[in-house]
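This is what each chain is made of:
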Amino acid sequence: MADNDFAKGLQRAELARRTGCNLETIRYYEKIGMMPDPPRTASGYRVYDEGHVSRLRFILRARELGFSIEEIRGLLALVDGGTQTCAEVKERTERHLADVRAKIADLRRIERVLAATAAKCTGNEVPDCPVLDALTA
């Protein structure tokens, strides 16, 4: 691939700009195999295409929705293999949703405990503190 082939593709900085993704994050996704290796120019520059843009946006959106790297790998494997069915994707999504709901329940419990503990604290300039007492109990 000649260096003038940049006109046919994107450099990593442009991929980052178009997706809002950090350059280091793109490098990381490449390193762990979530992003396919892009072709290179004769000088060794990586050249990305719209497929890379779409894949990176897929990964970023999945991360925004709280999917783990391994969960995203599983979804990508279905897509890459061309074997995905709506049923498989739904099952994975429902499993993730159950995890999210469990985390929300944990956060609500934590909120109640913190609110109750903070309510016991006067906020005065005294050495005794109910919050610290609760943490050491």
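Read on for a plain summary of the structure. Every chain is numbered on its own, with residues counted from 1 as its sequence reads. Residues qualify for local features only when their pLDDT is at least 70, as the model is predicted, and side-chain atom pairs are given and counted only at 80 or more; totals for whole chains, interfaces and linings, by contrast, use all residues. Side-chain metrics rest on all non-hydrogen atoms present in the structure, leaving aside hydrogens and water.

**Some points on the pattern of salt bridges**
Right, so step 1: Salt bridges are identified by distance alone: a Lys or Arg side-chain nitrogen within 4 Å of an Asp or Glu carboxyl oxygen. All chains considered together, the criterion is met by ten salt bridges.
Right, so step 2: Here Arg 27 ties to Glu 24 by a salt bridge, and the two come within 2.4 Å at their closest N and O atoms. Separated by three residues within a single helix, Arg 27 and Glu 24 lie in helix α2 (residues 23–31), roughly one turn from each other.
Right, so step 3: Salt-bridge contacts for Glu 64 lead to Arg 61; the nearest nitrogen and oxygen are separated by 2.9 Å. With Glu 64 and Arg 61 both in helix α3 (residues 50–64), this residue pair falls three residues apart, about one helical turn.
Right, so step 4: Each residue is placed in one exposure class: buried if its accessible area under a 1.4 Å probe, protein chains only, is under 20% of its type's maximum, exposed if it is over 50%, and partly exposed if it falls in between. Overall, the relative accessible area of 46% leaves Arg 61 in the partly exposed class.
Right, so step 5: In this structure, a network of salt bridges that share partners links the residues Arg 12, Glu 30 and Arg 46. Each helix corresponds to a stretch of at least 4 residues labelled H or I by DSSP, and each strand to a stretch of at least 2 residues labelled E; elements are numbered beginning at the N terminus.

**Looking at the packing of helix α4 (residues 69–81) against helix α5 (residues 86–120)**
Right, so step 1: Geometry is summarised by axes, namely lines fitted to C-alpha atoms with helices restricted to the contacting stretch, and by angles between N-to-C directions that run from 0 to 180 degrees. The geometry of α4 relative to α5 is characterised by a closest axis approach of 11 Å and an angle of 170° between their N-to-C directions. With respect to α5, the axis of α4 lies roughly antiparallel. Residue-level inspection shows Glu 71, Gly 74, Leu 75 and Leu 78 of α4 in contact with α5, the latter providing Glu 88, Val 89, Arg 92, His 96 and Asp 99.
Right, so step 2: The residue classification treats Ala, Val, Leu, Ile, Met, Phe, Trp, Tyr, Cys and Pro as nonpolar and Asp, Glu, Lys and Arg as charged. All others, Gly included, are polar. The class makeup of the residues in the contact of α4 with α5 is three nonpolar, two polar and four charged. Working definition: roughly parallel below 35 degrees, roughly antiparallel above 145 degrees, roughly perpendicular at 65 to 115 degrees, and oblique for all remaining angles. In this description, contact between two residues means that some pair of their heavy atoms is separated by no more than 4.5 Å.

**Structural notes on the environment of Glu 64**
Right, so step 1: Looking at Glu 64, the relative accessible area reads 59%, which means it is exposed.
Right, so step 2: A polar contact of 2.9 Å, which involves the side chain of Glu 64, links it to the side chain of Arg 61. Any N or O atom pair separated by 3.5 Å or less is treated as a polar contact, with the protein-specific requirement of one donor-capable and one acceptor-capable atom, and with residues adjacent in sequence counted only for side-chain atom pairs.

**Comments concerning the nonpolar core**
Right, so step 1: Within this scheme, the nonpolar core is defined by two criteria: the residues are buried Ala, Val, Leu, Ile, Met, Phe, Trp, Tyr or Cys, and they are joined through side-chain atoms within 4.5 Å. Leu 15, Ile 26, Tyr 29, Met 34, Leu 56, Ile 59 and Ile 72 are the most contacted members of the largest nonpolar core, which has 19 residues in total.
Right, so step 2: At the level of elements, α1 (12–19), α2, α3 and α4 are the ones that each hand at least two residues to this core.
Right, so step 3: With five residues, α3 is the largest single contributor of residues to this core.

**Details of the environment of Arg 101**
Right, so step 1: You can see Arg 101 is positioned in helix α5.
Right, so step 2: With a relative accessible area of 56%, Arg 101 lands in the exposed category.
Right, so step 3: Remark: the alpha-carbon pair of Arg 101 and Thr 85, spanning 16 residues in sequence, is separated by 24 Å.

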